[in-house]
Structure formats: C-alpha cells, structure tokens
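Structural characterization, general
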Amino acid sequence: MADQYAQTGEDSKSTELPAIRWEEPPEGPVLVLLDQTRLPAEEVELVCTDASALVEAIRSLAVRGAPLLGIAGAYGVALAAARGFDVDEAAAVLAGARPTAVNLAVGVRRAEAAYRAELAKSGDQELAAGAALAAARGLHREDAAASAAMAERGLALLDELLPGGQHRILTHCNTGSLVSGGEGTAFAVALAAHRAGRLRRLWVDETRPLLQGARLTAYEAARSGMAYTLLTDNAAGSLFAAGEVDAVLIGADRIAADGSVANKVGSYPLAVLARYHHVPFIVVAPVTTVDPDTPDGASIEVEQRPGHEVTEIAAPQAPVAGAEAGGGILVAPLGTQAYNPAFDVTPPELVTAIVTEDGVVSPVTAEALAELCARSREVTIS
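Residues numbered from 1 in each chain as written. Predicted model: local features only at pLDDT ≥ 70, side-chain atom pairs only at ≥ 80, totals over all residues. Heavy atoms only, no water.

Thoughts on the sheet that holds strand β12 (residues 290-291)
Rules: Following DSSP output, two strands are said to pair if at least two bridges run between them. Segments assigned H or I by DSSP are reported as helices when at least four residues long, segments assigned E as strands when at least two residues long, and all are numbered from the N terminus. Note on contacts: a residue pair qualifies if any of its non-hydrogen atoms lie within 4.5 Å across the two residues. Axis angles are defined between N-to-C directions and span 0 to 180 degrees, where every axis is a line fitted to C-alpha atoms and, for a helix, only to the segment in contact.
The strand order β12-β9-β10-β15 describes an open sheet built from four strands, whose pairing is mixed. In this open sheet, the two edge strands, each paired with only one partner strand, are β12 and β15 (343-346). The sheet contact formed by strand β9 (residues 254-256) and strand β10 (residues 261-264) spans two bridges and is antiparallel. Bridged to R254 within β10 is A262. In the packing of helix α9 (residues 267-276) onto the sheet, the strands contacted are β10 and β15, and the crossing angle to β15 comes to about 30°.

Describing unusual backbone geometry
Here is the rule we go by: Throughout, exposure labels follow a simple rule: accessible area from a 1.4 Å probe, protein chains only, divided by the maximum for the residue type, with under 20% read as buried, over 50% as exposed, and the rest as partly exposed.
Note the cis peptide between R208 and P209, where omega equals 5°. Following S362, the chain continues to P363 via a peptide bond in cis, the omega torsion being 0°. Inspection of the secondary structure puts P363 in the loop between β17 (359-361) and α11 (366-381). Residue L61 is not a glycine yet carries a positive backbone phi of 70°. One can find L61 in the loop between α1 (51-59) and α2 (66-82). At T207, a residue that is not glycine, the phi angle is positive and equals roughly 65°. Its place among the elements puts T207 in the loop between β6 (199-205) and α7 (212-223). The exposure class assigned to T207 is buried, which follows from its relative accessible area of 0%.

Concerning the packing of aromatic side chains
Heads up, the rule is: Only Phe, Tyr and Trp rings take part, Trp by its six-membered ring, and two of them pair if their centres are within 6.5 Å. Stacked means planes under 30 degrees apart, edge-to-face means over 60, and tilted covers everything else. In this analysis the charged atom, NZ for Lys or CZ for Arg, is taken to sit over a ring once it is within 6 Å of the ring centre and within 35 degrees of the ring normal.
Tallied over the entire structure, the rule returns one aromatic pair. Consider the rings of W22 and Y75, whose centres lie 6.0 Å apart with planes at 25°: the pair is stacked. A residue pair is termed long-range when its members are at least 10 positions apart, and W22 in strand β2 (residues 20-23) and Y75 in helix α2 qualify at 53 residues. Directly above the aromatic system of F343 lies the positively charged group of K264, at a separation of 4.9 Å from the ring centroid.

A short note on the confidence of the model for the protein
Defined as follows: Known as pLDDT, the predictor's per-residue confidence is scaled from 0 to 100.
Per-residue pLDDT for the protein averages 92, and the proportion of residues at 70 or more is 91%. Predicted confidence for residues 3-15 stays below pLDDT 50, and this span has 26 contacts to residues more than four positions away or in other chains. Throughout residues 316-324 the model reports pLDDT below 50, and contacts reaching past four residues in sequence, or to other chains, amount to ten contacts.

See below:
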C-alpha cells in the first residue's frame, strides 16, 4: 500500500527532502520516497508499506536511477521482512521490476542474502529482518561514499583532459542526488566542477519523452546555483557544431563486461556526435553497475516503455477524453503505435572513459574493466 502527501507552503522549503528514507512510525516500518514524477511542480512523498507498492513506484519512475534503485531494492526486501511478508516473493518481484538497471537486482540480492544468513544462523525472524535492514543501510552509506569518490575522480579526469578549467559540460537524463545515496554520478562531477569554480556551463538535455533532464536535472542545477541551460535533445548537434561542448558526462544503468554502456535513450547519439567532434564522452557509474555476467551490448535487455509516454504529454490536471492510458494531452492520433525504448547502448569504442569510485578505465576494454572489478572485490572483502 502507498499514500502520498505533499509538502506545501513553509513545509516545502527548497527542499532537504531525501530521495529515499526508512522510517518506523508506531503502525510499522515504511519506506518513504520523493515522488520524482511530480517534480519540479511539487515535492510529494510516496509512502510504501509493502514490496508491491515499491514495485509500482519503480515501474512508474517515482523512484529511478541505477544507484538509487539498488538502495530501494535492498530496503524493499527489508520492508517485506520487517512486516512479515514472503521475502522470496518480494525479492523476485523487486528484482524484475526494471530489467535493464542491474543495480536493482544487486541491492535486492544483498539484503536477501543478509536475511537468509541470519535466519539460518539464529532462526529468528526479527533478527533476520534486522540483518536485511542493516544491509540496506550499509548499501545506502556506501553509495554516498562512492558518489563523493566518483566526483573527485571525475573532476580530476576533466582537468587532465581539459586543462584550464571553465568546462562546458553536456549531460543527459538525471544523475544527481535524486538517483543516489549521495550527490549522484555524472551530475556529482559537474557539481564538483561548479564548487571548484571550473564549470562554465552545464548543458542539460531535456531527455524525452519523460523529460528527466528538464524536470529533474534542471531542478537540481537550480537548487545548487549552477550555470545551466536547457536544450531539446535534437539541438545537441548544433551545440557541438558551434564548439560549445567540452565534454559529455552521463551515467549508466548497466555496463557490460566488454564496456558497452546502457543508459537513458538518447545517450548513443551523443556518443556519436562527441566522437565526430573530438569531444570526450565520459560515463560515471559505481562499480556495481558493471555486470560481468552480461558479455556485451547485444546481451543487454533493453526495457520497452508504454507507447503513451510518446503519444501523450503528461498533464495530470488536464485529462483528455480517449487518452485514458496515460491521462495526458494527446500529441498524436489515437491508436498511433510508438517505439519507446527506455535505454540505448553505446559501444565501448565510443566511450572515452568510465569513472567509478574505485578507479578510471580508459581506454575502455574488457580486460581493464575486469581488472577494476577484481580490485574492487578485493577492497570490499578486506
């Protein structure tokens, strides 16, 4: 079950609302999400009391972004355990809620493993639920630390590739604190450049069809006082042609073993433009986004979203008769078929570097990625 309540008036100050948090009111534990489908018009929180509500929040993109999905998945398992639901069932539906984002399944497995280990050890359901929650909280803390490390490494790489500062960075989709336990992935690098006085301009792709750039990245950039400009996705080419882009920074939802990068649809065309115009194309993502079990880009399952996201403009306050599928304003004739992949895949040869919390891979090769992941596992184990 889920409930929504808006933060309005004095309660909605330029918000310190986290993207996700665990709470324990008298009636039982809940997972509270900042509903990203309602931004930037209003800051509304979605309260989940079971895994099915969280799955719906994930599928509707109320909660989104690879690192945050991993955190949400772990908390979802903890929520099921704490409330006495079937943990196996909850883990299965959560892990499959969005197929492309590998972090979701990673987070689910981590909390589920902690739950099972404690249950086998003590046989105590309450202790096992506590272990799952501890695992989720641990993942949350680790992601915040990873975000800070990626920002530092990413800024160092920018300064190496583009000496002199005053970077003009183009980004796609949303990769800030709304997708992370910290300040994000690619956006965190731009934010670090801004704080260091080395960001001249953040170019923000609107990111159709759901406008995560216009609604969310611009929202975060404005709150951070960054110099930013919004553009339609198909205007990026003219920016490159005018020499106005120094680097492209994006996140990732899954990185295959060969270095192929699945990210929000529209990323691949930017990589092609960047290569033609000799502009660095940099992917920023935690090591958990690298999936050694996915050998190459062709093996990445790309989520297909509903057609109404393309044929309608979301406008909850202005429903149109005959448009019940999405409740928005029609921009195409009724019955129009739409091609709406959530992601596209960029091959490794178009990626200048992959920045993670544990190191930078450049050039991007399967061998270099495998070595990075092996080092990361050694650090985690030790």
